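Below, each chain spelled out in residue letters.
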Amino acid sequence: MSVDTLTIPTQRVAKSRISEVDFDNLQFGKTFSDHMFVVDYKDGAWQNPQVLPYGDMPLSPATSSLHYGQAIFEGMKAYKNGDGDILLFRPLANLQRLNKSAERLCMPELPEELFMQGLEQLLRLDADWVPAKEGSSLYIRPLMFATDNFIGVRPSLTYRFLIITCPVGKYYDKPVKVAVEPNYVRSAEGGAGYAKAAGNYAAALLPSRKMQEKGYDQLIWTDAKEHKYVEESGTMNIMFVMDDVLVTPSLSTSILHGVTRDSVLQVAKDLGFRVEERRVAVDEVIAAQQAGKLTEAFGTGTAAIISQIALIHHNGQDYELPPVETRKVSNQVGAQLDKIRTGQAPDTHNWVYKISL
Ligand SMILES: *Cc1c(COP(=O)(O)O)cnc(C)c1O
């Protein structure tokens with residue numbers, strides 16, 4: 001089955017909303033493009049894929065995902081290159097993760113052909129919604145949820161998978177103040193922290209809000225057993241540069257396997273930086289800061305790519321980091337990643353999937 005030969009039934013909007021959109025003032029996640037991709041799972045198979053006008057869906061009050069949370073999602077971005085082609089960054093990595101999340105939540109696997117075909121047809125139809133402006137992109141949100149009208153606890157027999165998209169502007173990246181979380185946990189070994197499950201986000205809202213009330217933008221999650229080891233920062237993976245080495249917590253079942261994390265580590269190695277994936281103790285980070293050896297700290301994720309950390313709070317103390325302009329590793333890696341994603345640097349790892357219009 002090839003992406004070009006099969007056509008998904010498509011219902012176009014009568015009139016595009018694109019002329020109503022102010023592309024210079026986009027708020028993240030508020031503006032949706034004209035169409036969406038929808039496919040339903042029942043009787044053991046994905047059925048009836050369609051591209052439809054973006055819009056509301058009727059739901060039964062007994063929809064099982066609303067009760068028991070069988071709901072997962074993904075996030076990725078598309079860019080336009082100088083020739084007007086659409087460039088997707090590592091879409092198959094996102095599909096693989098979607099399917100790992102699905103497995104963990106007892107949901108059906110989505111086949112690669114269906115995902116890529118739906119994605120490609122949607123993007124071709126809404127190609128004008130992919131911003132060409134520097135720093136802008138089309139944020140792509142695939143999601144899957146259980147649709148059985150049944151309030152007994154068991155894996156649903158029916159599901160819906162959708163892809164919706166939002167044009168987004170340059171991420172406003174003021175360096176953030178983060179605080180080490182001493183009590184709450186995001187996830188534990190053996191839990192579902194590696195899955196992009198909706199429920200993980202719900203459970204993180206209260207700890208995040210409490211941290212914000214104390215004046216910090218974001219929290220650093222620590223391990224569930226001892227609160228001694230760093231896990232992630234908010235909804236991003238976290239990295240440090242200590243003693244000229246780029247260090248990040250190694251992957252486990254409690255850490256989300258970020259595509260940006262993986263890409264940053266690879267590009268850092270390509271640029272000749274030393275990289276370590278291992279356990280990172282909070283005390284080690286604080287000691288490095290005290291010794292003047294903590295030169296960088298940042299989060300990684302699709303939305304912001306690199307989110308610089310200005311300050312780390314731990315045990316009643318604020319520890320400041322050097323100015324962002326001095327941060328060699330993250331600045332160089334971020335700039336290189338930017339060039340690869342937008343087609344301005346050679347794609348040596350085959351990360352870019354081009355849709356020629
Ligand atoms: C999505 C996510 C990330 C970042 O993953 P990317 O693939 O880089 O966008 C990191 N941590 C959590 C908890 C996430 O949900």
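Structural notes, computed from the coordinates. All values derive from a computational prediction rather than experimental measurement.

Attention now goes to the nonpolar core. Residues Phe-37, Trp-46, Leu-110, Phe-115, Leu-119, Met-144 and Phe-161 are the most contacted members of the largest nonpolar core, which totals 38 residues. Elements with a contribution of two residues or more to this core: strand 1 (35–42), strand 2 (45–53), strand 4 (76–80), strand 5 (86–89), helix 2 (91–104), helix 3 (112–125), strand 6 (137–146) and strand 7 (159–168). A per-element tally of this core places helix 3 first, with six residues. For Met-144, the contacting residues outside a window of four places in its chain are Trp-46, Gln-70, Ala-71, Ile-72, Leu-98, Ala-102, Met-107, Pro-108, Leu-110, Tyr-159, Arg-160 and Phe-161.

Another aspect to go through is the packing of helix 5 (residues 259–270) against helix 7 (residues 328–341). Where helix 5 contacts helix 7, the axes come no closer than 10 Å and their chain directions differ by 105°. When the axis of helix 5 is compared with that of helix 7, the two are roughly perpendicular. Contact with helix 5, carried on its side by Ser-263, Val-264, Val-267 and Ala-268, involves Val-333, Gln-336, Leu-337 and Ile-340 of helix 7 and no other residues of that element.

So, on to the packing of aromatic side chains. Under the defined criterion, the tally for this structure stands at nine aromatic pairs. When the centroid spacing of 6.0 Å and the interplanar angle of 65° are considered together, the rings of Tyr-41 and Tyr-159 count as edge-to-face. Taken together, the residues span a long stretch of sequence, with Tyr-41 in strand 1 and Tyr-159 in strand 7 at a distance of 118 residues. By relative accessible area, Tyr-41 is classed as buried at 17%. Among the aromatic residues, those joined into a cluster by ring pairs are Phe-37, Phe-115 and Phe-161. Sitting above the plane of the Tyr-229 ring, Arg-279 keeps its charged end 3.9 Å from the centroid.

A word on the pattern of salt bridges. Counting across every chain of the model gives 16 salt bridges. Linking Asp-148 and Arg-154 is a salt bridge whose minimum nitrogen-to-oxygen distance equals 2.8 Å. Between Glu-232 and Arg-186 there is a salt bridge; the shortest N-O distance is 3.1 Å. With Glu-232 in strand 10 (residues 230–233) and Arg-186 in the loop between strand 8 (176–180) and helix 4 (198–213), this pair connects stretches of sequence that are 46 residues apart. Where salt bridges share partners, they join Arg-274, Glu-276, Arg-278 and Glu-284 into one cluster.

To continue, consider the layout of surface pockets. By volume, the largest pocket is sized at about 930 Å³. Counting only elements with at least two residues in the lining of the largest pocket, the list comes to strand 6, helix 4, strand 9 (218–222), strand 10, helix 5 and strand 14 (294–301). In terms of residue class, the lining of the largest pocket is made up of 17 nonpolar, 16 polar and nine charged. In this structure, the lining of the largest pocket is formed jointly by two domains, domain 1 (5–168) and domain 2 (176–341), each of which donates at least three residues.

The rules we used
Residues numbered from 1 in each chain as written. Predicted model: local features only at pLDDT ≥ 70, side-chain atom pairs only at ≥ 80, totals over all residues. Heavy atoms only, no water. Core = buried A, V, L, I, M, F, W, Y, C linked by side-chain atoms within 4.5 Å. Buried < 20%, exposed > 50% of the residue type's maximum accessible area, 1.4 Å probe, protein only. Helix = DSSP H or I, 4+ residues; strand = E, 2+ residues; numbered from the N terminus. Contact = heavy atoms within 4.5 Å. Axes fitted to C-alpha atoms, helices over the stretch in contact; angles between N-to-C directions. Parallel < 35°, antiparallel > 145°, perpendicular 65-115°, else oblique. Phe/Tyr/Trp six-rings, centres within 6.5 Å; stacked < 30°, edge-to-face > 60°. Lys NZ or Arg CZ within 6 Å of the ring centre and 35° of its normal. Salt bridge = Lys/Arg side-chain N within 4 Å of Asp/Glu carboxyl O. 1 Å grid on protein atoms, 1.4 Å probe; cavity = no way out; pocket = protein on both sides within 12 Å on 5 of 7 lines; lining within 4 Å. Points joined across faces, edges and corners; volume = space filled by probe spheres on them. Nonpolar A, V, L, I, M, F, W, Y, C, P; charged D, E, K, R; others polar. Domains from an automatic or database assignment.

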